[in-house]
Amino acid sequence: MLSREEYLQLSLEERFVPLSDEGRERATSLFEKLVTVDMHTHIFGSVHFHFEYEPVRQSGMTCCFEAVPALSEDFDESMELLGRYRSLVEAEPGLVTAVRAEDIRQAKRDGKQAVMYQLEPQTMGRDLDRIDIAYGLGVRMMLLTFNTRNYVGDGCGERTNGGLSYLGIEMVERLNDIGILIDLSHCGAQTSLDAIKFSKDPVLFNHTGARALNPSVTRLKTDEQIRAVAAKGGLIGISAIPNQLSSAPEQGIEDMLNHIEYVVNLVGIDHVAIGLDNTFHDQVAFHRKLAASKSVDLEKAGITLAADYMYGIESPLEWRNIVRGLVSRGYRDAEIEKIVSANALRVMEEILG
Amino acid sequence: MMSRDEYLKIPLKDRFIKLDEDQEARAEQLHRDSLIIDMHTCMLEDELLEQDFVENAPRIQRSGINGFIDEVIPFDEDFAGSMETLGKFRLKVEKHPDFMPAFRAQDFLEAEETGKQAVMFGLEPQSFGRDLDRVAIAYGLGIRAALLTLNTRNYVGDGCGERTNAGLSYLGLEVVERLNELGMLIDLSHCGSQTTLDAIEASSDPVMCNHIGARALYPQMKRLKTDEELVALANKGGLAGVSAIPNQLSRNAEQGIEDMLNHIDYVVNLIGIDHVAIGTDILFGDQVEVHRQTDKTLLKLDYYGQELNAPYMYGIESPEEWPNITRGLVSRGYSDDEIRKILGGNALRIIQEVVG
């Protein structure tokens with residue numbers, strides 16, 4: 001197996017899923033034609049702020065739903081970071097800020113890329129009026145908890161499995177009322193099930209995978225949780241995070257496709273989307289650093305850093321390879337469109353207006 | 001039953017429990033000569049509760065106690081705000097000739113000797129958020145006790161009125177460890193059942209439920225502690241402080257000192273005389289009205305089952321009625337030694353052991 005550095009020397013074509021000429025042509029034209037939405041991106045880097053436009057342009061994706069990594073859960077800090085992101089996006093003529101589905105379609109027609117904003121996790125503390133402020137400043141999705149506990153619920157890596165608190169129920173109501181998407185990707189099982197139950201809108205696991213395929217990783221979702229989100233009309237966004245979808249020493253696009261297939265078989269094609277959660281940098285090195293600084297406890301999360309990178313989907317630059325992979329797995333054009341954007345746009349239309 | 005206004009017009013001695021001559025003499029001497037520490041009061045707070053410390057200071061002296069743990073009350077759990085309040089409290093206490101701040105057990109003994117009031121400062125609830133370093137900052141600024149949660153959920157645990165009953169979080173375990181290392185008292189009075197049990201188990205020091213009562217006497221009131229929690233607390237060497245909070249010890253239309261004594265009797269019978277203290281949670285002014293006003297915004301009474309049936313606590317409605325607790329203990333047949341333990345001996349022991 002190649003090292004990460006060797007892998008990055010390969011041309012994009014060499015990194016991609018091999019297809020027949022006909023398949024390759026179909027994948028290329030689909031990618032050019034279709035709106036593509038990544039429901040969970042870190043184009044500004046995760047935690048360490050860094051932005052370059054060129055790789056975003058090269059990725060070719062239509063919409064980045066960018067996650068503001070508010071690990072401190074400090075509201076002021078998260079709004080400042082949002083302001084920095086927005087100032088850079090608005091200074092770049094190739095990018096537009098989006099707050100609804102139609103903005104994304106318009107961006108595609110204009111040959112531009114759309115950026116939306118979410119909080120990972122939410123930073124409302126005990127003050128629900130901040131939801132209005134965050135909405136006003138452009139936030140359109142919130143993750144209820146990160147891996148540990150906060151005022152509204154328990155994270156997937158917490159020692160307890162408490163459900164939503166009373167404040168959590170109020171928060172879900174407020175998010176519903178104002179029209180903000182609710183993400184449960186890092187929430188604990190009971191908090192997820194409670195949020196699904198109390199939300200009147202569909203909710204999301206926007207960057208996850210199926211626990212059935214890698215049972216040790218607590219971040220991934222059980223069949224029960226996936227079914228509950230789908231029954232609510234929600235979305236399961238499949239991620240490309242190294243060492244979460246698999247614990248094998250070699251991991252990549254095929255793992256992502258395995259998780260897509262599993263979820264499609266479990267709940268149908270209408271509930272699957274893409275939420276890569278990757279960056280333009282070395283993620284495994286970053287995870288190692290996070291673990292050393294104790295910000296994230298890998299052991300509690302059931303994660304071993306077995307692979308150094310994700311072949312075929314190491315960064316958003318390889319977004320085209322998702323479409324190639326879906327072609328290689330035999331999905332029809334309409335099904336591919338649902339996975340790469342139509343499902344996401346449907347949920348956005350329903351909730352964001 | 002008379003109204004609160006009518007009640008407060010009655011001369012103090014007529015509000016007290018009737019005793020025979022011998023008992024009267026004993027009660028008076030015990031109240032004068034014993035070290036008395038109220039483990040939980042809200043007598044300094046002036047914004048939320050509209051109290052005036054300078055006006056109230058002589059009334060605190062008249063209570064005959066020697067010291068108390070007074071609570072900074074950051075309902076919003078905002079750390080900076082709670083430290084500002086602490087600064088205001090300390091200024092009041094340090095500028096007043098009859099008061100002194102208390103940072104260790106010895107300070108209570110000194111206050112007893114000099115006739116001052118020793119004030120130890122607690123956080124109700126703690127306001128550390130997710131930043132463990134704030135435990136040391138709070139200690140450095142003078143805090144010596146911390147309630148882990150109020151009635152609802154926070155980063156460390158679930159409150160007694162929360163819809164969930166999760167235990168301590170990983171961060172909660174670390175907060176307990178940090179409080180132990182620094183020597184700060186841990187209060188679990190408002191915590192949910194599992195959070196209470198987890199904290200008792202996780203703490204290397206004795207912990208306390210310093211303003212509570214026995215759930216067995218009023219089963220629907222989640223603020224009170226179950227037998228299981230009380231026994232675990234005592235097994236750890238901890239302290240149960242019985243409160244005088246209206247509508248938490250009983251749901252009767254008439255409530256007062258006898259309810260408090262019933263809870264003391266029950267807890268003494270369950271876990272022994274060495275683990276019981278007094279934490280009145282008393283304040284100046286109309287506590288039931290405070291509960292009414294803060295119901296939906298802060299306390300959320302219906303979350304933990306509190307009704308507002310009684311308008312006041314006869315016999316223990318204000319701090320100057322404190323001697324009535326000593327009188328009540330005499331009336332219930334406790335010995336002098338036992339009464340001294342309840343009034344302050346047990347409190348001093350745990351402060352000595354945990355804070356130094």
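Residues numbered from 1 in each chain as written. Chains lettered and ligands numbered in written order. Predicted model: local features only at pLDDT ≥ 70, side-chain atom pairs only at ≥ 80, totals over all residues.

Here we take up the overall build of chain B. When helices and strands are tallied, chain B shows 15 helices and eleven strands. Over its C-alpha atoms, taken along the principal directions, chain B stretches across nearly 55 × 40 × 40 Å. Evaluated residue by residue, chain B yields a buried proportion of 55% over its 356 residues. (Helix = DSSP H or I, 4+ residues; strand = E, 2+ residues; numbered from the N terminus. Buried ≥ 20, exposed ≤ 12 C-beta atoms within 10 Å, placed from the backbone.)

This next bit is on the overall build of chain A. Helix and strand content of chain A: 15 helices and eleven strands. In terms of C-alpha radius of gyration, chain A reaches 19 Å, essentially the compact-globule figure of 20 Å for 353 residues. With the C-alpha coordinates aligned to their principal axes, the bounding extent of chain A is approximately 55 × 45 × 35 Å. For chain A, the proportion of its 353 residues judged to be buried stands at 53%. Taking the contacts inside chain A whose residues are at least 6 apart along the sequence as the reference set, 73% of them involve residues at least 24 apart. (Rg over C-alpha atoms; globule rule 2.2 N^0.38 Å. Contact = placed C-beta atoms within 7 Å.)

This part takes up the environment of L298 of chain B. All names here are of chain B. As for its position among the elements, L298 is in helix 12 (residues 287–299). A residue is classified by how many C-beta atoms lie within 10 Å of it, and L298, with 17 of them, is partly exposed. When the C-alpha atoms of L298 and D76 are compared, they prove to be 8.6 Å apart, with 222 residues separating the residues in sequence.

What follows deals with the pairing of strand 2 (residues 67–72) of chain B. A regular strand places its side chains on the two faces of the sheet in alternate fashion. Residue and element names in this part refer to chain B. Judged by how many residues are buried, strand 2 sits mostly within the fold: six of six residues are covered. A two-sided burial pattern is seen for strand 2, the buried positions comprising G67, I69 and E71 on one face and F68, D70 and V72 on the other. Two elements, strand 1 (residues 37–41) and strand 2, share three bridges in a ladder whose sense is parallel. The partner of T41 across the bridge, within strand 2, is D70. Inspection of the sheet shows strand 2 paired to strand 4 (residues 117–123) by six bridges, in the parallel sense. For D70, the partnering residue across the bridge sits in strand 4 and is F121. (Pairing = 2+ DSSP bridges.)

Moving on: the interface of chain A and chain B. The interface of chain A with chain B comprises 16 residues on the first partner and 17 residues on the second. Looking at the side of chain A that touches chain B residue by residue, the classes come out as three nonpolar, seven polar and six charged. (Nonpolar A, V, L, I, M, F, W, Y, C, P; charged D, E, K, R; others polar.)

Residue and element names in this part refer to chain B. Look at helix 3 (residues 21–33): 18 Å from first C-alpha to last across 13 residues, which is about the 18 Å you get at 1.5 Å a residue. Within the span of helix 3, buried status applies to A27, L30 and H31. One face of helix 3 carries all of its buried residues, which in axial projection span an arc of 95°. Facing away from the buried side of helix 3 by over 90 degrees, the exposed positions are E21, D22, A25, Q29, R32 and D33. On the buried face of helix 3, the contacting elements are helix 14 (323–331) and helix 15 (336–354). (Expected span 1.5 Å × (residues − 1). Arc of directions from axis to C-beta.)

Here E120 of chain A and P121 of chain A are connected by a cis peptide whose omega angle stands at -5°. Secondary-structure assignment places P121 of chain A in the loop between strand 4 (113–120) and helix 7 (130–136). For the bond running from E124 of chain B to P125 of chain B, omega is 0°, close enough to zero to count as cis. For P125 of chain B, the location among the structural elements is in the loop between strand 4 and helix 7 (133–140). With a phi angle near 55°, E73 of chain A is a residue other than glycine that sits in the positive phi range. Relative to the assigned elements, E73 of chain A resides in the loop between strand 2 (63–69) and helix 5 (75–91). Exposure remark for E73 of chain A: the 21 C-beta atoms within 10 Å place this residue in the buried category. With a phi angle near 60°, E77 of chain B is a residue other than glycine that sits in the positive phi range. By the secondary structure assignment, E77 of chain B is in the loop between strand 2 and helix 5 (79–95). By C-beta crowding, E77 of chain B is classed as buried, having 21 other C-beta atoms within 10 Å.

Moving on: the packing of helix 3 (residues 21–33) of chain A against helix 14 (residues 320–328) of chain A. Residues and elements named next belong to chain A. At their nearest, the axes of helix 3 and helix 14 sit 9 Å apart, and the two run at 130° to each other. In terms of orientation, helix 3 lies oblique with respect to helix 14. Pair helix 3 / helix 14 crosses with right-handed handedness. Contact residues: helix 3 offers G23, R26, A27, L30 and F31, while helix 14 offers R320, V323, R324, V327 and S328. Classifying every residue of the contact of helix 3 with helix 14 gives five nonpolar, two polar and three charged. (Axes fitted to C-alpha atoms, helices over the stretch in contact; angles between N-to-C directions. Parallel < 35°, antiparallel > 145°, perpendicular 65-115°, else oblique. Left-handed = near helix turned anticlockwise from the far one by under 90°.)

The subject of this paragraph is the environment of L290 of chain A. All names here are of chain A. Along the polypeptide, L290 turns up in helix 12 (residues 283–292). Under the C-beta neighbour-count criterion, L290 is labelled partly exposed, with 16 such atoms within 10 Å. Those residues in contact with L290, other than ones at most four positions away along the chain, are S295 and V296.

Okay, the packing of helix 10 (residues 227–235) of chain B against helix 11 (residues 257–271) of chain B next. All names here are of chain B. Axis separation between helix 10 and helix 11 bottoms out at 10 Å; the angle between their running directions is 60°. In terms of axis orientation, helix 10 runs oblique to helix 11. Read as a crossing pair, helix 10 and helix 11 show a hand that is right-handed. Every residue of helix 11 that contacts helix 10 at D227, L230, V231 and A234 is listed here: V267, L270 and I271. Of the residues in the contact of helix 10 with helix 11, the class split is six nonpolar, no polar and one charged.

For the rest of this paragraph, the subject is the nonpolar core. Counting residues in hydrophobic clusters, the biggest one holds 104 residues, and the most contacted among them are A146, I186, A199, A240 and V267 of chain B. The element contributing the most residues to this core is helix 15 of chain B, with eight residues. With 102 residues, the next largest nonpolar core counts F205, L220, I238 and V323 of chain A among its residues. (Core = buried A, V, L, I, M, F, W, Y, C linked by C-beta atoms within 7 Å.)

This part covers helix 5 of chain B. Residues and elements named next belong to chain B. In this model helix 5 runs 24 Å from its N-terminal to its C-terminal C-alpha over 17 residues, within 8% of the 24 Å that 1.5 Å per residue would give. Those residues of helix 5 lying buried are S82, T85, L86, F89 and V93. Each buried residue of helix 5 lies within a common arc of 105° when the element is viewed along its axis, so the set occupies one face. For helix 5, the exposed residues set more than 90 degrees away from the buried face come down to A80, L91, E94 and K95. Against the buried residues of helix 5 lie strand 2, strand 3 (99–101), strand 4 and strand 5 (143–147).

A few words on the confidence of the model for chain B. In the predicted model, chain B carries a mean pLDDT of 96, and 100% of its residues have values of at least 70. Model confidence for the complex is summarised by a pTM of 0.91, with the ipTM given as 0.85. (pLDDT = per-residue confidence, 0-100.)

Take the environment of H42 of chain A next. Residue and element names in this part refer to chain A. Positionally, H42 belongs in the loop between strand 1 (37–41) and helix 4 (53–59). As for H42 and P69, which are separated by 27 residues in sequence, their C-alpha atoms are 8.5 Å apart. With near-sequence residues (within four places) excluded, H42 lies in contact with A67, D277 and T279.

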